[in-house]
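Working through the structure, step by step
What follows is the residue order along each chain.
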Amino acid sequence: MKTKICVAIITLISTFFLQAQQQIKGITGTNNWMNNWTNFNPSKIEYSEATNIIAGTIDKDTRLVKRNTYQLVGIVYVTNNATLTIEPGTIIRGDDKTCGTLVVTNGAKIVAEGLETDPIVFTSNKEITDRRPGDWGGIIILGKAPINSLGGLHTLPFTLDPILNHYGGQDAEDNSGILKYVRIEFAGRKLSSEKELNGLSLAGVGRKTILSNIQISFSNDDSFECYGGDLNMNNLISYRTTDDDFDFTQGAQISISNSIAIRHPFSSDISGSRCFEVDSYDKIQNTDMTKKMTKINATNITLVNLEENNQGLVRESIHIRENTFFNLSNSIVSGFSPFVLLESNIGNGDESLAKMSFKNIIVNNCNGGITSESSSADAAIQNYYNPNSGIEYSKYKNNELFTLPNIKGNPDFRANVNNTIAIGN
């Protein structure tokens, strides 16, 4: 009997370790989930001319239908707990002259649930040859989920109506609606002399909000930025953004999975553009340190730099600042310099470094691993993370690492099944 129990235990342990070894790295799926609904060359798409104008305030339940094409003029606010519903296949074109911007205010909802075969598209109203990053504003969602700013409420650094520009609260379960099978193209215009808008700004947004299968391309600032809030996000694509692909701050509690950032050297900001920019606050004096600090759990992530000939225009893939929790697992990072850069304030003490983990990662063609802005801390950092860390450094070409990394066709950035390291065998 004891022998059978021992055999069973050994079998169970062996199975556990075998499964751990076989965890697929990077974005995953039985089929290429980037097919059908995405577009990596939106400047060549002939969208229909606008038939309807959206302007002012939406203060009652409203539905946008596929048979119309809409022009978003000026800052359009969804208010008064109203729900803006958008049918699959609907096209909304942001006006360049008035910086068309959609703001879903605290308590209101957007239900933009496209289909894989019929996505909803927010794009530029310019002609094919004239479209550029920053043609229009973007989408802003203001929710009631917690943030760590003093007082628990905050305003975005954009020129918005001061009565409506507020977010934060105590409801981590807050529901701001659905964005699914949605493309956002050429956003990121400045509303004024202040900073550019993001493709999608999520401020204090709660976890009952559904964010899945969203592609943001050619944003003139960040693609996705979370200011606090509590979210589960999956199947996100950031392509050729000028600044950061995914930016998290103000105590954001985020789980992000099966998502990809595709960087291009000629779409990067000289100030420093990263796939992940992670911090807990901008200024510590404006922060309630008794509240949660930013915590990001990222799994099955692919971060890839399409830069060729070593132009050196794309730098680190991930930048992490002090008092921040960041966990990355089952992921592929290819073509950055270095893999991760830690703010110098983090130092090299075990207590600070324990807030970050990197497990089951392929770091491919990166010039450097986990490093600090303070080079004197690098040796201790390497000693902390490298032993049995589950980070594997490699020198594969993109077409050896990924299934079909040709961005000009129908790209498939799942791990190449012929690459046994990438697929976890």
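The chain has the name Right handed beta helix region in an unreviewed UniProt entry, where Flavobacterium soyae is given as its organism.

**Observations regarding the overall build of the chain**
Along the chain, the regular secondary structure elements total 4 helices and 26 strands. Counting all 425 residues of the chain, 56% fall into the buried class.

**Concerning the environment of L342**
Looking at where L342 falls in the secondary structure, it is placed in strand β21 (residues 340-342). Taking C-alpha positions, L342 is 9.7 Å from D378, a pair spaced 36 residues apart along the chain. If sequence neighbours within four positions are ignored, L342 has contacts with I320, L353, M356, I370, T371, S372, E373 and I381.

**Regarding the nonpolar core**
Ranked by size, the top nonpolar core spans 93 residues in total, and within it F276, F339 and F358 carry the most contacts. F358 has contacts with I320, F326, L328, F339, V340, I370, Y385, S389 and I391, leaving out every residue within four places of it along the chain.

**Observations regarding the pairing of strand β3 (residues 69-78)**
Here β3 lies mainly inside the structure; 8 of its 10 residues are buried. Of the strand pairs in this sheet, strand β1 (residues 52-58) and β3 are connected by 6 bridges, and their pairing is parallel. Looking at the pairing, I53 lines up with Q71 of β3. Bridge count for β3 against strand β5 (residues 91-94) is 4 bridges, and the pairing is parallel. Its bridge partner lying in β5, T69 is registered against I91. Bridge analysis of β3 against strand β6 (residues 101-104) gives 4 bridges, and the strand direction is parallel. The residue of β6 that forms the bridge with I75 is T101.

**A word on the pattern of salt bridges**
Charged atoms that come close allow side chains of opposite charge to pair. Inspection of the entire model under this criterion finds 12 salt bridges. For D230, the salt bridge goes to R207, with nearest N and O atoms at 2.7 Å. Linking D230 in strand β14 (residues 230-239) with R207 in the loop between β11 (200-203) and β12 (210-217), this pair joins segments that are 23 residues apart in sequence. Note on D230: relative accessible area 12%, which makes it buried. Residue D412 is joined to R414 by a salt bridge in which the shortest nitrogen-to-oxygen separation is 2.7 Å. On the basis of relative accessible area, D412 is assigned to the buried category, the value being 6%. Exposure remark for R414: the relative accessible area of 18% places this residue in the buried category.

**Some points on a negative patch on the surface**
Where like charges cluster on the molecular surface, the negative patch consists of E46, E49, E127 and D130. Tracing the sequence through the fold places E46 in the loop between α1 (2-21) and β1.

**Some thoughts on the packing of aromatic side chains**
Applying the stated criterion across every chain, the model contains 15 aromatic pairs. Between F40 and Y239 the ring centres are 5.1 Å apart and the planes differ by 80°, which places this aromatic pair in the edge-to-face class. Here Y239 lies in strand β14 and F40 lies in the loop between α1 and β1, a separation of 199 residues in the sequence. Side by side, F40 and Y239 carry an identical accessibility label, which is buried. Here F218 and Y239 contribute two aromatic rings whose centre-to-centre distance is 5.6 Å and whose plane-to-plane angle is 85°, an arrangement assigned as edge-to-face. Of this pair, F218 sits in the loop between β12 and β13 (224-227) while Y239 sits in strand β14, placing them 21 residues apart in sequence. Taken together, the ring pairs in this structure connect F224, F246, F248, F276, F326, F339, F358, Y384 and Y385 into an aromatic cluster.

**Some details on the confidence of the model for the chain**
Of the residues in the chain, 89% reach a pLDDT of 70 or more, and the chain-wide mean stands at 91. Throughout residues 4-21 the model reports pLDDT below 50, and contacts reaching past four residues in sequence, or to other chains, amount to 2 contacts.

**Observations concerning helix α3 (residues 378-385)**
Those residues of α3 lying buried are D378, I381 and Y385. Viewed along the axis of α3, the buried residues span an arc of 60°, placing them on a single side of the element. In α3, the exposed residues that point more than 90 degrees away from the buried face are A379 and N383. Along its buried surface, α3 packs onto β21, α2 (350-353), β22 (356-364) and β23 (370-372).

**Brief notes about unusual backbone geometry**
Note the cis peptide between S337 and P338, where omega equals 0°. By the element assignment, P338 lies in the loop between β20 (325-334) and β21. If you check the backbone angles, N300 has positive phi at about 50° while not being a glycine. As for its position among the elements, N300 is in strand β18 (residues 295-305). Classification of N300 as buried rests on a relative accessible area of 14%. The phi torsion at N330 lies on the positive side, around 50°, for a residue other than glycine. Here N330 shows up in strand β20.

**Things to note about the state of the cysteines**
Counted according to the given criterion, the structure contains 0 disulfides. With no disulfide of its own, C275 lies closest to C366 among cysteine sulfurs, the gap being 9.5 Å. Take C275: its relative accessible area is 0%, and that puts it in the buried class.

**Concerning the environment of A377**
Tracing the chain through its elements places A377 in the loop between β23 and α3. In sequence terms A377 and G347 are 30 residues apart; their C-alpha atoms lie 6.3 Å from each other. Those residues within four positions of A377 in sequence are excluded, and the remaining contacts are G347, N348 and S372.

How each quantity is defined
Each residue is numbered by its place in its chain's sequence as written, counting from 1. For this predicted model, a pLDDT threshold of at least 70 governs which residues receive local features, and a threshold of 80 or more governs which side-chain atom pairs are given and counted, while totals over whole chains, interfaces and linings are taken from all residues. Excluding hydrogens and water, the side-chain values take into account all heavy atoms of the structure. Helix numbering and strand numbering both begin at the N terminus, where a helix is a DSSP run of H or I of at least 4 residues and a strand a DSSP run of E of at least 2. When accessible area is computed with a 1.4 Å probe and restricted to protein chains, residues below 20% of their type maximum are described as buried, those above 50% as exposed, and intermediate ones as partly exposed. We call two residues contacting when some pair of their heavy atoms lies within 4.5 Å. For our purposes a nonpolar core is just a set of buried Ala, Val, Leu, Ile, Met, Phe, Trp, Tyr and Cys residues, chained together by side-chain atoms within 4.5 Å. Strands are labelled as partners when DSSP assigns at least two bridges between them. By convention in these notes, a salt bridge is any Lys or Arg side-chain nitrogen within 4 Å of a carboxyl oxygen on Asp or Glu. Patch construction takes residues with relative accessible area above 30% that form no salt bridge. Like charges are linked within 9 Å, and nonpolar side chains (Val, Leu, Ile, Met, Phe, Trp, Tyr) are linked within 5 Å. Calculation of accessible area relied on Shrake-Rupley with a 1.4 Å probe; when residues are assessed, cover is drawn exclusively from the protein chains displayed. Under the convention used here, Asp and Glu are negative, Lys and Arg are positive, and both His and the chain ends fall outside the count. Charge placement uses NZ in Lys and CZ in Arg. For Asp and Glu, CG and CD serve respectively. Two rings from Phe, Tyr or Trp (for Trp, the six-membered ring) form a pair when their centres are within 6.5 Å of each other. A pair whose planes differ by under 30 degrees is stacked, one over 60 is edge-to-face, and the rest are tilted. You can read pLDDT as the predictor saying how much it trusts each residue, on a scale of 0 to 100. Throughout, the arc means the angular range of directions from the helix axis out to the C-beta atoms. Cysteine sulfur atoms are paired as a disulfide whenever they come within 2.5 Å of each other.

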